[in-house]
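Architecture at a glance
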Amino acid sequence: MNILVLTDSFASRFIENLRNNKAINLSTSYQFEDIKKSIDVVFTYNYDKIIPVEYFDIPKIGIFVLHSSDLPKGRGWAPIYNSIANKEEKYVISLIKISESPDCGNIFLKLNLNKPKLITNNNLRNVDEIASEVLVNHFIGLCLSGNVNRNTTGYKQDNTNATYYKKRTPEDNVVDKDKSISSAIYKILSTNENYPSFVEIDGVKVYLSAYIEKQYNLRDIDYSIETFI
């Protein structure tokens, strides 16, 4: 089975682990022009390019998008940040079919994790990479068994329940020093070294980070997979 992953995260655990699946011929690219008729399934993972609609029907089964929220809730940007900052108890990775409107395609699978109450952005990102590979391998198994094919429709999202996360700016990482320490901790945990939290004192930015003694792996967290086919 020929699989193409469109991504800009070539060194991720997601790609590394997916290569261990001996039932597939895996290729990776950042260029959507590499979508060919010889490809059975295309997955997009951490991919910021807009794929033109004329490419949608080229693969034998289809193009599928991994999005880390409980769609239709959490469409848009920075799902890991929002999951931690909003103190969400559940963390969901949705596998949807590509659509012209971002994050609006029909749902095929969801992986639901009971997210630890306190977890760093980097730790949750690492868990996300492994969980995404588990979800994709589950989907590949459904394709190989004939349970998913080109005509499988999935479950249409209910747009009346949709919520959206906006694209974040550095100003979104300001910690309000007048709020509780608990509020500050969740804000700090939700960010990472690329876009750190900070407070501003006398016109000077003081950048903040947090260390948690417990580091989680997917095997430490209860999770389940829902099927919508």
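See the structure shown above.
Bear in mind the structure is a predicted one, so any value in this text is a computation, not a measurement.

**Observations concerning the overall build of the chain**
When its secondary structure is counted, the chain shows four helices and 11 strands. Taking 2.2 N^0.38 as the reference for a compact globule, 229 residues should give roughly 17 Å; the C-alpha atoms of the chain span a radius of gyration of 19 Å, in line with that estimate. Along the longest, intermediate and shortest principal axes, the C-alpha atoms of the chain span 60 × 35 × 35 Å. Counting over 229 residues, the chain shows a buried share of 45%. Within the chain, residue pairs in contact and separated by at least 24 positions form 66% of the contacts whose partners lie at least 6 positions apart. A total of about 12,200 Å² of accessible surface is found on the chain, and carbon and sulfur atoms cover 48% of it. Counting 27 positive and 28 negative side-chain charges, the chain places the centres of these two groups 2 Å from one another.

**With respect to the side chain of His67**
Within the secondary structure, His67 is located in strand β4 (residues 62–67). Only 2.8 Å separates the side chain of His67 from the backbone oxygen of Gly74, close enough to count as a polar contact. Once residues within four sequence positions are removed from consideration, His67 is found in contact with Gly74, Arg75, Gly76, Val92, Ile93, Ser94 and Asp103.

**Side note on the environment of Tyr223**
Among the structural elements, Tyr223 can be located in strand β11 (residues 223–227). Here Tyr223 falls in the partly exposed class, since its relative accessible area comes to 38%. For the pair formed by Tyr223 and Ile63, sequence separation is 160 residues and the distance between their alpha carbons is 25 Å. For Tyr223, the residues in contact, after removing those within four places along its chain, are Leu111, Asn112, Leu113, Val134 and Leu218.

**Looking at the nonpolar core**
In a soluble, globular protein the nonpolar side chains are often hidden away together inside. Ranked by size, the top nonpolar core spans 38 residues in total, and within it Val5, Phe43 and Phe139 carry the most contacts. Sorting the residues of this core by element identifies β1 (2–7), α1 (13–18), β3 (41–45), β4, α2 (79–85), β6 (90–97), β7 (107–114) and α3 (121–144) as the ones contributing at least two each. At 10 residues, α3 tops the list of elements feeding residues into this core. Listed in part, the 16 residues of the second largest apolar core include Ile35, Val65, Leu71 and Ile107.

**Points about α3**
Residues spaced three or four apart along an α-helix point in a common direction, a consequence of the helix completing one turn every 3.6 residues. If you check α3, its first and last C-alpha atoms are 34 Å apart, about what 24 residues at 1.5 Å a residue would give, namely 34 Å. Just downstream of α3, Gly146 is the residue with a positive phi angle, here 90 degrees.

About the cut-offs
Residues numbered from 1 in each chain as written. Predicted model: local features only at pLDDT ≥ 70, side-chain atom pairs only at ≥ 80, totals over all residues. Heavy atoms only, no water. Helix = DSSP H or I, 4+ residues; strand = E, 2+ residues; numbered from the N terminus. Rg over C-alpha atoms; globule rule 2.2 N^0.38 Å. Buried < 20%, exposed > 50% of the residue type's maximum accessible area, 1.4 Å probe, protein only. Contact = heavy atoms within 4.5 Å. Areas by Shrake-Rupley, 256 points an atom, 1.4 Å probe, with all protein chains shown as cover. Lys, Arg positive; Asp, Glu negative; His and termini not counted. Charge placed at Lys NZ, Arg CZ, Asp CG, Glu CD. Polar contact = N/O pair within 3.5 Å; in protein donor to acceptor, adjacent residues only side chain to side chain. Core = buried A, V, L, I, M, F, W, Y, C linked by side-chain atoms within 4.5 Å. Expected span 1.5 Å × (residues − 1).

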